[in-house]
Structure formats: structure tokens, C-alpha cells
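# Coordinate analysis (summary)
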Amino acid sequence: MHINKRNVIRKRFSAFRFPLSAFSFQLLTFCILLLAAKTSTAQIVWEDPKNSIHQFLSRQAQKGNIEITDFILPLSRKEIALNLAFLKDSIHTLSLTEQKELDFYQQEYSEFLPRTNDSASFAKKDDFGRWRFLSVNTPNYLFRGDPVINLETIQGKNKSIFKNSTGIRFWGHAGKNISFQAYFTDITENGTGIDTVKQFTNETGIVRTSNVNPDAKTLNYTELRGNLTYSWSNGSVSIGNDQLQFGYGENGRVVLSDKAPAYPFIRLDYQPLKWFRFHYAHSWLQSAIIDSNRTYAKGNSIYGSERELYVPKFMATHSFNFFPVKGLGLSIGESMVYSDRIDAGYLIPVMFFKAYDQYASRYKINSGSNGQFFLQASSRNHIPKSHVYGTLFIDEIRLSEIFNKAKSRNQIGFNLGASVTDVVFPYLTLGMEYTRINPFVYQNLIPAQTYTNQNYNLGDWIGENADRLTAWVRYNPLPRLITSIQLNYTRKGRKGSLEDQYYAEPQPSFLSGAITTQKQMLVEIKYELINQLRLNASYLKQAGIIRPQLQPKAVANEFRFGVSYGF
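Just so it is clear, the model here is predicted, and its values are computed rather than measured. (Residues numbered from 1 in each chain as written. Predicted model: local features only at pLDDT ≥ 70, side-chain atom pairs only at ≥ 80, totals over all residues. Heavy atoms only, no water.)

## Comments concerning the overall build of the protein chain
Short version of the rule: The helix and strand labels rest on DSSP assignments: H or I over at least four residues marks a helix, E over at least two residues marks a strand, and numbering proceeds from the N terminus. The atom set for the radius of gyration is the C-alpha atoms, and the globule formula is 2.2 Å times the number of residues raised to the power 0.38. For each residue, the accessible area found with a 1.4 Å probe, counting protein chains only, is set against the maximum for its type, and the residue is called buried under 20%, exposed over 50%, and partly exposed in between. Any two residues having at least one pair of non-hydrogen atoms within 4.5 Å are treated as being in contact. The method behind every accessible area is Shrake-Rupley, applied with a 1.4 Å probe, and residues are considered shielded solely by the protein chains displayed. The sign given to each residue is positive for Lys and Arg and negative for Asp and Glu; His and the chain ends receive no count. Charge positions come from single atoms, namely NZ of Lys, CZ of Arg, CG of Asp or CD of Glu.
Counting its secondary structure elements, the protein chain contains 6 helices and 26 strands. Relative to the globule expectation of 24 Å for 567 residues, the C-alpha radius of gyration of the protein chain, 24 Å, shows essentially globular dimensions. Projected onto its principal axes, the C-alpha positions of the protein chain cover 65 × 60 × 55 Å. Here the protein chain holds 567 residues, and 53% of them are scored as buried. Nonlocal contacts in the protein chain, meaning residues at least 24 apart in sequence, comprise 65% of its contacts between residues at least 6 apart. For the protein chain, the exposed surface amounts to about 25000 Å²; the carbon and sulfur share of it is 62%. One finds the centroid of the 64 positive side-chain charges in the protein chain at a distance of 2 Å from the centroid of its 47 negative side-chain charges.

The structure is reproduced here in C-alpha cells:
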């Protein structure tokens, strides 16, 4: 975030850039934080944000039954289990459907329930009735593992795709403070009409295992996540490879979303007070830009004559999160995307990144980094059974000219949303959300410092100079059966040039250039038959294409049906 990109203060003393490797800094920081931590029993394993447990808990928080900090994802299984236990103690407040779902989810998060003896099992139910491929429980060790399998078909005009995935996931606890987890799956799509770029869609971006042309009939890629975590009574430190998410959003998040593929990071969470939580992460991103200065001849011509190296890219982010009263969450934070080599200043969790960038850059825009500020507010059950939220992402703003159309530089993004549950009858939820991303947000004059990873936005997938109106209806007619209808209306203007971004006065107006629009209706049905075994079906109807190069394989009507285990 630059208050004025023509007069930005940047990195002053290069002596603060130590020539240690990224891994060395990561290991050093991790060890220092471990030495500072208090010791107590508090194992942390992070849960997949796509798991339906999040919708269940979010709705319970919306009704005022629990408090949950799901504006930062992934959540820990420990926090999920504690909230399930709290609901169990006040089960009289739940409907019959909710009570059955609560029992079902407690089977999944049973590692925090009392057990009477050690156990080890293979391909059978554990002590709490949850079928597990592998489960080991001892007083000082826990290990659980499951296969990952997914079969899905996608059909539409000129589109017939079969998608299959196989892999493994495991996690566990070692002693009182250390936990571990890993997830890997290999995904293959076969057929016609395959989207090989996955850009203008809320689907997570991919890293292909081989280069393919747009008309390819086979696409292969992988998903890989893992964490090693040390935790204590009110905090944790993780070294991981995952997607970090921040804020709320039904169809995208403006600060950090799951659009970009997973990336390595160090994560610190610390809650010294009931009403205050600190979050920090330092991430290693992929710039997708070849570093010609470091590229060198490898001495043979097999698959090309050069060893290609990419420009190193990093991101540091932290936030201060406050909970003054039950149901109210307020956050303020900043992030910095920087490149070329790791900088020790951004490994200090409490450092004011913007000030450090100004201090270290010697007032030169071409020697500095790309920073942002963000604000988040969330209110649950202050209006009965409702959730009202908003996020502001500031990439650049000129505060003195904020209302001056001729000189303002309001390169911001925001969303506003609200939902209400138990409308008319139990378990019916209605919601609406508006998202707007002004021109040039997420962009930067230094290509290696755009707000992206692997060329996918870290923020909202609609990108700059666009907005989206979303409305949804969600209903659970039976336990674990989720039905929903989502309506989206999206508009997008031209991307704009760097000259316009930095020199134009007045700045190009919102939705400037040729505007393309898209209307979508998505109908979904999801059912979790047993723990981790899921059936899903969806129908997507859409009119309008947002630039053919962004949606090369979009069709008017698309049907999906799939079955998965652990996916």
C-alpha cells in the first residue's frame, strides 16, 4: 500500500538484508519462538476450510451459541472440538437436526474426548464409531490417516470431463506440544473442454505438471499441504505449506483467499487476552518470473540448455484482532510483498512493515516493496441470528485527496455482506454480499511484487476494476444434507496500463473501458454419508463471458456430479 507511489519511502539500509538462506531464517525464527513459548498440553492440527464443519459452526455463532474466530483460516481442530463440546453442554438450545449433526461431528474430532485405554486399529471403527483407515492412540502419541479419493464428472455443451484424484492425508500429535499433518493428492482431468488456466473462476488455481495447450484433452496437477506445529496454552507456531485466508466472503475474499495455490510459510498465533489475538505469517511465494541474471548454462541441451531460476518473492502479513464484546470482531493489519532476497525486517512479527519499508528503501520507489493495509469488522447475533461483516483492503490511497476526483488515488477493494438464519423455519439461511475492487488493486510496477502467487491473485479472484453482487439461500432439510442456490452478477472493466496507474490524473474511473458482465445461478446439493465420504451435485447456468481469454472453456450450462472420500 503506497500513500503516494511517486514519493514512496523505501528500504534505506541494505545492511539489514543478511545473506542467509530462506530456510535458515525460517528455522532460526521457529527455534526462537519455541524457546519463548510456555509448555502445556495444546496440540494444534489445522482443518481444511472447505470442510462442512465451518458452515455448521458459523451458523451456531450467528445464533449466539458459540464464539469462533473463523475470519482467519485454517482453524485448528482444537478450537473446533472445544466449540463442539460447548454446544454439547448446551444441547437443549439445538434443534433435533442440529443435535444429530453435533454428534456426527464429534465423532470426527474425538481426539479431545476422554478415552479409557490405548488403541491401534486398521480399516475399522475407532472407539467413537468413526471408521478410520489407520488410527493409533497412546498417552503421548496420536496418529490418524485416511486415503484421499475423488471421482467427478463435468458435463456441458462441448464439454465432457472425467476428473479423478487419489492421495493420502494423515495427522497426529507427538507429546504435549508438537503436532504434524500432511495432505497430498494427484488430480487428472480427461476429456473435452478442459479449463487449463482456471483464472476467472473461484476454483483454486493450479500448477500443471507439464505444459499443455488450451485444447489439451488431459490435465494433471497436484495439491500439497502440510504443517509442523508447536503449540502452548494460548498460542502456536507453524511451519507449513498451505493457503492462508483472511476475512469473510461467500464467493471470494478481498484480503487473502483460497484462489492461489498453497505456498510455504511460518505462522504465529498468540492470544494473551480473551479479547485480543495477534496473527503473523511470513510466506514464500512463486513469482513465475525467470531471473535471467541467476540463470546459467547447465552444460547439455537435454530439455533446453539452461538451468532456469525464478525471482524470489515473499510476503509478510500481521493483524491485531479485537473482541470487545461477544459476537463482535474488529481487525487491523498490513501486509508487504517483497522480492529478490529475504529481508530480516519482515521476519520480526511486530515490525511496522510500512515504516520499515520507508526506512530501508532510501525514498526510492524502484528499490522498495509493495505494501497493503486492511480492516475487518464482523458482528454476529447483535441483530438476532444475523451475521454482518465488512472488509476494506487498501493498496494505495492519497488521504489528503480522498474526495478530490481529479487527484484521488483510491486503489482499494472492499466487501459488505449480511446473512440471517432460521428464517421462517429452522435451518433456512438467506444472505447477500457486494464486492468491489477498484482499478489497479493488486498490481505493482515491479512484476515480482504483484499481489499474486503462481500468477493467481492472493485476494479476490475477480481481480482489479470489477465488482460482484452475490445472493444465496441455504437449507439443510436433513442432517448433513446441504442444499443451496447462489446468484452472482459480475462486471469487469479493462485492466489498464502502468502509465495510467502511476501518472494519470484523474485516475481512470471504476469500470472504465469496455465493460463485460456475467450472470450466474449455481444450484448445489451436498451430503456427507459418513465421516469424510461425500456426495455432491451441482448445476451452473451462466450468461455472458468475462473476456474469452480469462474463460476459454466457459459454457452456458454445466452439470457436475462427484463422490469423494477425504477430499
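## Observations concerning helix H3 (residues 77–89)
Defined as follows: Take the residue count of a helix, subtract one, and multiply by 1.5 Å to get its expected span.
With 13 residues, H3 should reach 18 Å at 1.5 Å per residue; the first-to-last C-alpha distance of 18 Å fits that figure. In this fold, the buried residues of H3 make contact with helix H2 (53–62), helix H4 (96–108) and strand E5 (159–174).

## Thoughts on the confidence of the model for the protein chain
Keep this limit in mind: What pLDDT reports is the predictor's confidence in each residue, on a scale of 0 through 100.
For the protein chain, mean pLDDT is 89; residues scoring 70 or higher make up 92% of the total. Throughout residues 1–40 the model reports pLDDT below 50, and contacts reaching past four residues in sequence, or to other chains, amount to 122 contacts.

## Thoughts on H2
Among the 10 residues in H2, 9 count as buried, and that is most of the element. Two residues or fewer after H2 comes Gly64, characterised by a positive phi angle close to 85 degrees.

## Notes on the packing of H2 against H3
Spelled out, the test is: Axis lines are fitted through C-alpha atoms, for helices just across the contact stretch, and the angle between N-to-C directions can take any value from 0 to 180 degrees. In these notes the angle categories are as follows: under 35 degrees is roughly parallel, over 145 is roughly antiparallel, 65 to 115 is roughly perpendicular, and the rest is oblique. Note on convention: the crossing is left-handed when the near helix lies turned anticlockwise from the far helix by less than a right angle, right-handed when the turn is clockwise. Three residue categories are used. Nonpolar comprises Ala, Val, Leu, Ile, Met, Phe, Trp, Tyr, Cys and Pro, charged comprises Asp, Glu, Lys and Arg, and polar comprises the others, including Gly.
Close contact between H2 and H3 brings their axes to 11 Å; oriented N to C, the two are set at 50 degrees. Of the possible angle classes, the one that applies to H2 and H3 is oblique. Classified by chirality, the crossing of H3 by H2 is left-handed. Residues Ile53, Phe56, Leu57 and Gln60 of H2 form the contact with H3, whose participating residues are Ile80, Asn83, Leu84 and Leu87. Tallied by class, the residues present in the contact of H2 with H3 amount to 6 nonpolar, 2 polar and no charged.

## Section: the nonpolar core
As a rule of thumb, soluble globular proteins bury nonpolar side chains together. Keep this limit in mind: What is meant by a nonpolar core is a set of buried Ala, Val, Leu, Ile, Met, Phe, Trp, Tyr and Cys residues, joined one to another through side-chain atoms within 4.5 Å.
Formed by 38 residues in total, the largest nonpolar core has its most connected members in Val255, Leu256, Phe393, Tyr451 and Leu458. The residues contacting Val255, other than those within four sequence positions of it, are Phe246, Phe374, Thr391, Phe393, Tyr451, Leu458 and Gly459.

## Description of the packing of aromatic side chains
Given two aromatic rings, one states the distance between the centres and the angle between the planes to describe the pair. Rules: Note on aromatic pairs: the rings of Phe, Tyr and Trp (six-membered ring only in Trp) are paired at centre separations within 6.5 Å, and the planes decide the class, stacked below 30 degrees, edge-to-face beyond 60, tilted for the rest.
Counted under the stated rule, the structure contains 31 aromatic pairs. Taking 5.7 Å as the distance between ring centres and 25 degrees as the angle between the ring planes, the aromatic pair formed by Phe143 and Phe170 counts as stacked. Here Phe143 is found in strand E4 (residues 141–156), whereas its partner Phe170 is found in strand E5, with 27 residues between them in sequence. Classification of Phe143 as buried rests on a relative accessible area of 18%. Look at Phe170 and you get partly exposed, because its relative accessible area is 29%.

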